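Structure assessment
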Amino acid sequence: VVTDGSAVLGLGNIGPAAALPVMEGKAALFKRFADVDAWPVCLDTQDVDEIVRTVQLIAPVYGGINLEDISAPRCFEIEERLRELLDIPVFHDDQHGTAIVVLAALTNSLKLVSKKMSEVTIVMSGAGAAGTAISRLLIKSGASKIIAFDKDGCVTAGFSGKISDAMKGADVFIGVSAPNVLTEDDVAGMAKGSIVFALANPDPEIDPVTARKYATVVATGRSDQPNQINNVLAFPGIFRGLLDAQAHKITDELLIAAAEAIASCVSESQLNASFIVPSVFDSQVVAKVAAAVKKSV
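As a starting point, this report considers the structure included with it. Everything numeric here is computed off the predicted structure, so don't read it as measured data. (Residues numbered from 1 in each chain as written. Predicted model: local features only at pLDDT ≥ 70, side-chain atom pairs only at ≥ 80, totals over all residues. Heavy atoms only, no water.)

1. Comments concerning unusual backbone geometry
To keep it simple, the criterion reads: Comment: elements are numbered from the N terminus, with helices defined as DSSP H or I runs of at least four residues and strands as E runs of at least two. With a 1.4 Å probe rolled over the protein chains alone, any residue whose accessible area is under 20% of its type maximum counts as buried; one over 50% counts as exposed, and the rest are partly exposed.
Cis rather than trans, the peptide bond between Ala72 and Pro73 has omega equal to 5°. Here the bond from Asn201 into Pro202 is cis, since omega is 10°, no more than 30 degrees from zero. Mapped onto the fold, Pro202 is located in the loop between strand S9 (195-198) and helix H8 (208-211). Unlike most non-glycine residues, Asp35 shows phi in positive territory, near 55°. Phi at Asn180 takes a positive value of approximately 55°, unusual for a residue other than glycine. Within the fold, Asn180 resides in the loop between strand S8 (172-175) and helix H7 (184-188). Looking at Asn180, the relative accessible area reads 64%, which means it is exposed.

Have a look at this one:
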């Protein structure tokens with residue numbers, strides 16, 4: 001589990017020493033949920049070349065690399081270069097783990113509102129590591145209209161308005177950005193059967209209680225709210241499957257298969273507006289994700 005401590009969830013750029021307890025926690029989750037032995041590697045550098053070279057040098061003793069809490073845009077280059085250099089899987093959890101669970105949650109949410117991925121308008125707030133990976137995976141899964149925003153405004157060609165303009169009539173909102181990006185009027189103006197994933201942590205893009213006044217499905221990144229979008233649904237099973245298959249690479253098809261496996265852990269009889277993804281303590285999740293990954297390798 002490799003980090004430089006530059007983008008620790010909720011804490012920001014706190015450096016490698018302060019990031020160590022978070023990485024130890026990540027290693028504990030690997031062991032608890034998937035019996036994968038993981039080791040925190042906190043690097044005292046934020047130089048891309050040094051990180052890549054260091055990971056390349058230590059890679060022979062590991063079966064896979066989990067990049068964690070490395071800030072954008074450096075995280076993209078680090079992952080890309082390591083995937084080219086190494087013959088073991090390189091997985092950036094802040095990108096791909098989040099994208100997998102979001103895809104699983106959206107798949108089940110769309111079932112509830114009887115809409116198709118290819119037909120909905122999706123507004124995204126946040127175009128960093130998570131936002132970019134989510135958009136990529138949604139497009140690979142059939143999404144055709146995504147209007148994305150970062151802190152400076154819209155980054156989607158052909159759209160020049162503000163996020164409040166894009167929200168009018170939109171079917172889905174996915175936020176991986178900052179607190180209080182949306183207003184009550186923004187959610188009220190969405191299409192019927194709207195879906196709001198306000199995933200900024202610990203303070204979401206809009207108060208979930210407010211969002212539920214108008215949206216059919218609301219999810220957050222918080223453990224004290226229904227429908228927590230939690231990466232622990234993805235990464236333990238993914239690495240269990242990768243290690244069991246002695247895999248060398250990670251593909252988009254593998255990521256989509258993992259999302260489908262997570263979504264399938266919620267049966268039709270269980271599926272409702274407050275239960276779109278399984279509990280992180282559901283024992284079938286790791287087994288199903290690992291099996292789907294192994295089949296996809």
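Next comes the rest of the account.
2. With respect to the pattern of salt bridges
In plain terms, the rule: We define a salt bridge as a side-chain nitrogen of Lys or Arg found within 4 Å of a carboxyl oxygen belonging to Asp or Glu.
A complete count under the given rule lists 16 salt bridges for this structure. Asp35 is paired through a salt bridge with Lys31; the nearest N and O atoms lie 2.8 Å apart. Here Asp152 ties to Lys151 by a salt bridge, and the two come within 3.5 Å at their closest N and O atoms. Just as Asp152 is exposed, Lys151 falls in that class too. Ionic contacts of the salt-bridge type, sharing partners, join the residues Lys26, Glu68 and Asp93 into one network.

3. Here's the deal with the packing of aromatic side chains
Within a pair of aromatic rings, the relevant descriptors are the distance that separates the centres and the angle that separates the planes. Counted only if it meets this: Each pair of aromatic rings taken from Phe, Tyr and Trp, with Trp reduced to its six-membered ring, is defined by centres within 6.5 Å and is described as stacked if the planes are under 30 degrees apart, edge-to-face if over 60, and tilted in the remaining cases.
Counted according to the given criterion, the structure contains 5 aromatic pairs. On the numbers, 5.4 Å between centres and 85° between planes, the contact of Phe30 with Phe239 is edge-to-face. With Phe30 in helix H1 (residues 15-34) and Phe239 in helix H9 (residues 235-244), the pair connects residues that are 209 residues apart, well separated along the chain. Accessibility expressed as a relative area gives 2% for Phe30, which makes it buried. On the basis of relative accessibility, which here comes to 5%, the residue Phe239 falls in the buried class.

4. A few points about the sheet that holds strand S6 (residues 145-150)
This is how it is decided: Paired strands, in this sense, are two strands between which DSSP finds at least two bridges. We call two residues contacting when some pair of their heavy atoms lies within 4.5 Å. Between N-to-C directions, angles cover 0 to 180 degrees, with each direction set by a line fitted to C-alpha atoms, over the stretch in contact for helices.
What the 6 strands build is an open sheet, ordered S7-S6-S5-S8-S9-S10; its pairing is mixed. The open sheet has two edge strands with one neighbour each: strand S7 (153-154) and strand S10 (217-220). Bridge count for S6 against S7 is 2 bridges, and the pairing is antiparallel. Its bridge partner lying in S7, Asp150 is registered against Gly153. Packed on one face of the sheet, helix H4 (residues 93-113) meets strand S5 (121-125), S8, S9 and S10 and runs near 155° to S9. The sheet strands contacting helix H5 (residues 129-140) are S5, S6 and S8, and the helix crosses S5 at an angle near 165°.

5. Looking at the environment of Ile256
One can find Ile256 in helix H10 (residues 252-264). Judged by its relative accessible area of 16%, Ile256 falls in the buried class. A C-alpha to C-alpha distance of 16 Å links Ile256 and Val232, two positions 24 residues apart in sequence. Beyond its immediate sequence surroundings of up to four residues, Ile256 is in contact with Leu103, Leu137, Lys140 and Ser141.

6. Some details on the nonpolar core
So the rule is basically this: The set of buried Ala, Val, Leu, Ile, Met, Phe, Trp, Tyr and Cys residues whose side-chain atoms join them within 4.5 Å is what this entry labels a nonpolar core.
With 67 residues, the main nonpolar core has Ile100, Leu106, Ile122, Leu138, Ile174 and Phe197 as its most contacted residues. Excluding residues that lie within four positions of it along the chain, Leu106 makes contacts with Met117, Ile122, Leu138, Val172, Ile174, Ile195 and Phe197. Counting 18 residues, the second-largest nonpolar core is a separate cluster that includes Val2, Ala59, Cys75 and Leu86.

7. Remarks on the pairing of S10
Alternating positions in S10 separate into two faces, Val217 and Ala219 on one and Val218 and Thr220 on the other, with burial throughout. Bridge analysis of S9 against S10 gives 4 bridges, and the strand direction is parallel. Following the sheet pairing, Val196 is matched in S10 by Val218.

8. Brief notes about the packing of H10 against helix H11 (residues 283-296)
Spelled out, the test is: The cut-offs work like this: below 35 degrees is roughly parallel, past 145 is roughly antiparallel, 65 to 115 is roughly perpendicular, and the gaps in between are oblique. The sense of a crossing depends on the near helix, which, turned anticlockwise from the far helix by less than a right angle, makes the crossing left-handed and, turned clockwise, makes it right-handed. Classification convention: Asp, Glu, Lys, Arg as charged; Ala, Val, Leu, Ile, Met, Phe, Trp, Tyr, Cys, Pro as nonpolar; all other residues, Gly among them, as polar.
Running from N to C, H10 and H11 cross one another at 150°; their axes reach a closest spacing of 8 Å. One way to sum up the angle between H10 and H11 is to call them roughly antiparallel. At the point where H10 passes H11, the crossing takes the right-handed sense. On the side of H10, the interface is formed by Glu253, Leu254, Ala257, Ala258, Ala261, Ile262 and Ser264, while H11 contributes Val285, Lys288, Val289, Ala292, Val293 and Ser296. Tallied by class, residues from the contact of H10 with H11 come to 9 nonpolar, 2 polar and 2 charged.

9. A closer look at the side chain of Asp69
Here is the rule: In this tally, Asp and Glu contribute negative charge and Lys and Arg positive charge; neither His nor the terminal groups of the chain are included.
Mapping Asp69 onto the fold places it in the loop between strand S3 (65-67) and helix H3 (74-85). Put simply, Asp69 is tucked away with no salt bridge, and the nearest opposite charge, on Lys26, sits 7.1 Å away. Dropping the residues within four chain positions of it, Asp69 is found in contact with Thr3, Asp4, Gly5, Ser6, Ala7, Val8, Leu9, Val22, Met23 and Asp94.

These results come straight from atomic positions and should not be treated as a statement about function.
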